[in-house]
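Read off the chains here:
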Amino acid sequence: MTDADLERRVREALEPTAEDLVRSPAIVDAAMHRVSTTRHPGRRRILLPAAAALAALALAGGVYGATRLASNGTSSDPATAAASVAQAPSVLEITCEKDRIVVGSATVAASPDGVHLRVTNRSADPEMYLGYRPAGPSTGEQAAGGDRVDELREARVEWAPGAYDLSCQRSGGDRSQAPARVVITDPGEHYRPGGLEKIGCWAGGPRAEVSWAIGPSRETTAQAAVDALIDRMHPTTPRLAGEPAPIGYVDSPVQTWLLRKSGAPWVTVRVEALSGAYQAGLDTPCDPYVASLSGQREATSPATPAR
Amino acid sequence: MAGRHDDAFTAWAQGATPRLLRFATLLAGDRSDAEDLVQDTLVAAYSKWHLVSAAGSPTGYAATMLANRHLSLRRSAGRERRRQLVSAPREAVDGGYGAVEGSIDARAELAAALAGLPQQHRAAVLLRYVADLPDEDIAAAIGCRPVTVRSHVSRGLASLRAALGEREETP
């Protein structure tokens, strides 16, 4: 076999097959679904390793944050800061200027569907990002990440209650600006605390068994959308059952469902309310699934410690 | 909240994904892993679209991202423990194109031969031909020097030639 023959055969092997052509649209759809999920401010979250037991400390951190902000000039004593928590507005005004971030209040009250922001970019930089991360002790559910300011404007995010440091950053990662500390309060108890672990799903693990290229389903009800998604997976993953998970904001247009396989938490589904329809897409695999792959552990119970 | 480059990205992704999927299948030796890799690569390419779109070959650039991710995952001890699929390439051959018409065709033969190569050799050979990438780009993707890429490609092709020669001589 000559070098040219071998090269030709390698090039031929790299030409897509009919199966590749058939499978590719679903992979693109699934990737775009993940992109849209990640781009959603409330979904670009990193679950921090702190235990949920730190929730009380987070509340203290929130008051501390407000107090600290107050000490920087907004007001002068802890009592005033506490009062501002109680009277928090329902929309947080944020302005990114050229060299600083300005927030309209030190606190914002969560709404039933999440936290509402009104973001203005006065930096003249279209690549300005709003960065956010927990400040002080974390509940373990607080969001961290960044979103392009020009894509936020009037935004609803699903940040869990607690204290956050917000900053305006250029896309190159400039973090020279001092952050602004803001406390998200939840006087109406709209947020149902507890992450995926609350429903017995320990996030993480590979996605080898299920074809992750299964695209989202769309139906007229959330239940029907989840059922349709299950139907698509039925040939490879029998005995799935879906149920809504009581986590996050009660009226959020994005709700989490849990699929159980043989009774064990298996994967979460993101169900999004669209205009006149519900779209359900696979989201986070649960650890029992990893256990079933490796065969090294029994199915994880909700009491299993977080890794 | 649509990104400004969604249309351009989607158009590119729809055209490039079949080729990336073929590349990933040959690289990973497993169809399921390949689909995961392609999907992860598309998501990463979206976030770096300004770099991908500016590359001489966006698909080649994405292929280097894919190869880099694959090799990174392979280096992970946890990954190694969970997956022992690459050492069993028959699944890729039988479950993929090899099953077509119930026979192992020339493409499947080559895939099986590729699956027998060390990871770095396989990645170097495939990246060389997936988009005629220069050695410098391949080196950056697989984490070695350009001179080592040439060595990987040379040794990989020699191994392929030997493996395919043996098959052709087998009655």
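My aim in this report is to walk through the structure given alongside it, one point at a time. All figures in this text were calculated on a predicted structure; none of them were measured in a lab. (Residues numbered from 1 in each chain as written. Chains lettered and ligands numbered in written order. Predicted model: local features only at pLDDT ≥ 70, side-chain atom pairs only at ≥ 80, totals over all residues. Heavy atoms only, no water.)

1. Things to note about the state of the cysteines
All names here are of chain A. Applying the stated criterion to the full structure yields one disulfide over all chains. Note on cysteine connectivity: Cys 96 is disulfide-linked to Cys 168, with sulfurs 1.9 Å apart. Every disulfide takes its handedness from the sign of the S-S torsion; for Cys 96 and Cys 168 that torsion is -80°, giving left-handed. With Cys 96 in strand E1 (residues 91-96) and Cys 168 in strand E8 (residues 162-170), this pair connects stretches of sequence that are 72 residues apart. Cys 168 carries the same exposure label as Cys 96, and that label is buried. (Disulfide = S-S within 2.5 Å. Helix = DSSP H or I, 4+ residues; strand = E, 2+ residues; numbered from the N terminus. Buried < 20%, exposed > 50% of the residue type's maximum accessible area, 1.4 Å probe, protein only.)

2. A few points about helix H1 (residues 6-28) of chain B
Residue and element names in this part refer to chain B. Between its first and last C-alpha atoms H1 spans 28 Å; for 23 residues at 1.5 Å apiece the expected length is 33 Å, and the helix comes up short by more than 12%. Maximum bend of H1: about 45°, positioned at Ala 16, with proline Pro 18 one to four residues after it. Just downstream of H1 lies Gly 29, where phi reads positive at about 75°. (Expected span 1.5 Å × (residues − 1). Bend = angle between axes of the 7 residues up to and from the residue.)

3. Digging into the nonpolar core
Within soluble globular proteins, side chains that are nonpolar tend to cluster in buried spots. Judged by nonpolar contacts, the single largest core of 58 residues is most densely connected at B:Phe9, B:Trp12, B:Phe23, B:Leu42, B:Leu127, B:Ile142 and B:Leu160. Per-element tally for this core: the top contributor is H1(B), with eleven residues. Those residues in contact with B:Leu160 that lie beyond four places of it in its chain are A:Leu6, A:Val10, B:Leu110, B:Ala113, B:Leu114, B:Leu117 and B:Val125. Counting residues in each nonpolar core, the second largest holds 27 residues, with A:Val108, A:Val115, A:Ala143 and A:Ile184 among its members. (Core = buried A, V, L, I, M, F, W, Y, C linked by side-chain atoms within 4.5 Å. Contact = heavy atoms within 4.5 Å.)

4. A look at the packing of aromatic side chains
Residues and elements named next belong to chain A. Counted according to the given criterion, the structure contains seven aromatic pairs over all chains. Ring centres of Tyr 191 and Tyr 249 lie 4.9 Å apart, and the angle between their planes is 65°; this geometry places the pair in the edge-to-face category. One end of the pair, Tyr 191, is in strand E10 (residues 191-192); the other, Tyr 249, is in strand E13 (residues 248-249), and 58 residues separate them in sequence. Across the pair, Tyr 249 and Tyr 191 agree in class, each one buried. (Phe/Tyr/Trp six-rings, centres within 6.5 Å; stacked < 30°, edge-to-face > 60°.)

5. Section: the pattern of salt bridges
Overall, the coordinates contain 18 salt bridges over all chains when judged by the stated rule. Put simply, A:Glu154 and A:Arg118 hold a salt bridge, and the shortest N to O gap is 3.0 Å. Here A:Arg118 lies in strand E4 (residues 115-121) and A:Glu154 lies in strand E7 (residues 154-157), a separation of 36 residues in the sequence. You can call A:Glu154 exposed: its relative accessible area is 59%. A salt bridge links A:Arg260 to A:Glu243; the nearest nitrogen and oxygen atoms lie 3.1 Å apart. Of this pair, A:Arg260 sits in strand E14 (residues 254-261) while A:Glu243 is found in strand E12 (residues 240-244), placing the two residues 17 residues apart along the sequence. Looking at A:Glu243, the relative accessible area reads 31%, which means it is partly exposed. Because the salt bridges share partners, they merge into one network encompassing A:Arg23, B:Arg31 and B:Glu35. (Salt bridge = Lys/Arg side-chain N within 4 Å of Asp/Glu carboxyl O.)

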